Amino acid sequence: MQNAGIMNVRKFEFKDRERVREIFFNTVLLGEPASLFFEGKDIISDALTLYFTDYEPQSCFVAEVDSRVVGCLIGAKDRVLVEKTSFDKIYPRLIWKAITSGAFLKIKNLRFICAILVSAVKGEFRLADILKDYPATLHINIDKGFRALDIGTGLINAYLNYLKSEGIRGVSLATMSEGAAKFFEKQGFKLLYKGKRSYFKFLLRKVLPIYIYAKSI
Ligand SMILES: CC(C)(COP(=O)(O)OP(=O)(O)OC[C@H]1O[C@@H](n2cnc3c(N)ncnc32)[C@H](O)[C@@H]1OP(=O)(O)O)[C@@H](O)C(=O)NCCC(=O)NCCS
């Protein structure tokens, strides 16, 4: 862990786009990089962040330490709109990118895609209608070396204040990390659902928990 320098939380700006993509790529698997399960930085970064940075940048925040972005929260006021835009506009482009770049031919990627499809068939992504009172959503990641310095707390507070000013009544999120679950409990989120996700079993040799947390605003 590094010494905390001067920390500042501010709204996302277009100049932060590459850094946000990098942080999410480097931290997506329980704080570890996506390169452990996928070859194709651009494709995974698009899948993780493109809706937020390109379609709803006003709902995103970054945290800087000594003027360098070390953490970010990418949010959206309407989870249903995220899903619709992803299926209508983003995923078709990603599939095309994966075909033309040869990403579908790499064994590592095929393993991950098959694991995701098996999880989908098992119904692991289906959720009962528990989220209707919590329309907004978020993803948050802090660079290794800058965790446990209250940076996540600063980002969550900025986002909750923003949602409140926009008249949004609630926010929910999913995490597979036990540590992140504790973090969200500290932020006043309540556990709505606990399930299982098996798509990293081929890599981690275990089924991971999935926690859905929510907070009224
Ligand atoms: C989870 C994460 C966003 C938290 O941000 P952070 O800046 O490290 O957290 P903070 O310093 O603001 O911590 C706030 C509180 O949550 C607790 N907390 C944070 N991370 C924790 C962890 N991994 N395990 C247990 N408690 C944790 C802290 O102890 C602190 O409690 P305190 O006020 O009593 O000291 C960040 O650690 C991270 O990005 N981790 C790796 C990727 C990840 O899991 N992302 C979340 C995906 S949904």
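Nothing here was measured: the structure is a model prediction, and the numbers come from that model. (Residues numbered from 1 in each chain as written. Predicted model: local features only at pLDDT ≥ 70, side-chain atom pairs only at ≥ 80, totals over all residues.)

**Overview of the overall build of the protein**
- Looking only at helices and strands, one finds seven helices and seven strands in the protein.
- Along its sequence from the N terminus, the protein presents helices and strands in the succession β-α-α-β-β-α-α-β-α-β-α-β-α-β.
- Relative to its length of 217 residues, the protein is compact, with a C-alpha radius of gyration of 17 Å against a globular reference of 17 Å.
- Summarising its shape, the C-alpha atoms of the protein cover approximately 45 × 40 × 35 Å along the three principal directions.
- Residues counted as buried form 29% of the 217 residues belonging to the protein.
- Intrachain contacts of the protein at a sequence separation of at least 6 include 73% that bridge at least 24 residues. (Helix = DSSP H or I, 4+ residues; strand = E, 2+ residues; numbered from the N terminus. Rg over C-alpha atoms; globule rule 2.2 N^0.38 Å. Buried ≥ 20, exposed ≤ 12 C-beta atoms within 10 Å, placed from the backbone. Contact = placed C-beta atoms within 7 Å.)

**A few points about the site of the ligand**
- Taken together, 20 residues sit near the ligand, with Gly-31, Arg-147, Gly-152, Thr-153 and Gly-179 positioned nearest.
- Breaking the shell around the ligand down by element, the ones donating at least two residues are β4 (136–142), α5 (151–165) and α6 (178–186).
- Looking at which element gives the most residues to the shell around the ligand, the answer is α6, with five residues. (Near = placed C-beta within 6 Å.)

**Overview of the sheet that holds strand β5 (residues 170–175)**
- On the basis of which strands lie adjacent, the open sheet formed by seven strands has the order β1-β2-β3-β4-β5-β7-β6 and mixed pairing. With one partner strand each, in any of the chains shown, β1 (7–11) and β6 (190–197) form the two edges of the open sheet. Pairwise comparison of adjacent strand axes, ignoring direction, gives a mean angle of 20 degrees for this sheet.
- Packed onto the sheet, α5 meets β1, β2 (60–65), β3 (68–76), β4 and β5 and runs at close to 35 degrees relative to β3. (Pairing = 2+ DSSP bridges. Axes fitted to C-alpha atoms, helices over the stretch in contact; angles between N-to-C directions.)

**Let's talk about the confidence of the model for the protein**
- Within the protein, residue pLDDT values average 93, and 98% of them lie at 70 or more.
- Predicted confidence in the protein is weakest over helix α7 (residues 201–204), with a mean pLDDT of 89, and strongest over α5, with 98. (pLDDT = per-residue confidence, 0-100.)

**Notes on helix α4 (residues 107–121)**
- With 15 residues, α4 ought to run about 21 Å at 1.5 Å a step, and its terminal C-alpha atoms sit 21 Å apart, in line with that.
- Count one or two residues on from α4 and you reach Gly-123, which has phi positive near 85 degrees. (Expected span 1.5 Å × (residues − 1).)

**A few points about the packing of helix α2 (residues 41–55) against helix α3 (residues 79–101)**
- At a minimum axis distance of 10 Å, the contact between α2 and α3 shows a crossing angle of 140 degrees. Our classification of the angle between α2 and α3 gives oblique. Read as a crossing pair, α2 and α3 show a hand that is right-handed. On α3, the residues touching Ile-43, Asp-46, Ala-47, Leu-50, Tyr-51 and Tyr-55 of α2 are Val-82, Thr-85, Ser-86, Ile-90, Leu-94, Lys-97 and Ala-98.
- Class assignment of the residues belonging to the contact of α2 with α3 gives a composition of nine nonpolar, two polar and two charged. (Parallel < 35°, antiparallel > 145°, perpendicular 65-115°, else oblique. Left-handed = near helix turned anticlockwise from the far one by under 90°. Nonpolar A, V, L, I, M, F, W, Y, C, P; charged D, E, K, R; others polar.)

**Examining the pairing of β3**
- Burial within β3 is extensive, with eight of its nine residues counted as buried.
- With antiparallel pairing between neighbouring strands as the criterion, β2 and β3 make up a hairpin whose turn holds two residues, including Asp-66 at a positive phi of roughly 50 degrees.
- Pairing analysis gives six bridges linking β3 to β4, with the strands arranged antiparallel. Across the sheet, the residue bridging to Ile-74 is His-139, located in β4.

**As for the packing of helix α1 (residues 17–27) against α2**
- The N-to-C vectors of α1 and α2 enclose an angle of 120 degrees; their axes lie 9 Å apart at closest approach. With respect to α2, the element α1 is oriented oblique. Between α1 and α2 the crossing geometry is right-handed. Contacts between α1 and α2 pair Arg-17, Val-20, Arg-21, Phe-24 and Phe-25 from the former with Lys-41, Ile-44, Ser-45, Leu-48, Thr-49 and Thr-53 from the latter.
- The residue inventory of the contact of α1 with α2, partitioned by class, reads five nonpolar, three polar and three charged.

**A few points about the environment of Gln-58**
- Note on placement: Gln-58 falls in the loop between α2 and β2.
- A C-alpha to C-alpha distance of 24 Å links Gln-58 and Lys-41, two positions 17 residues apart in sequence.

**Focus on α1**
- Taken residue by residue, α1 has Val-20, Arg-21, Ile-23, Phe-24 and Thr-27 as its buried positions. Here the buried residues of α1 occupy an arc of 165 degrees about the axis, which is enough to place them on one side.
- Contact partners of the buried residues in α1: α2, β2, β3 and β4. (Arc of directions from axis to C-beta.)

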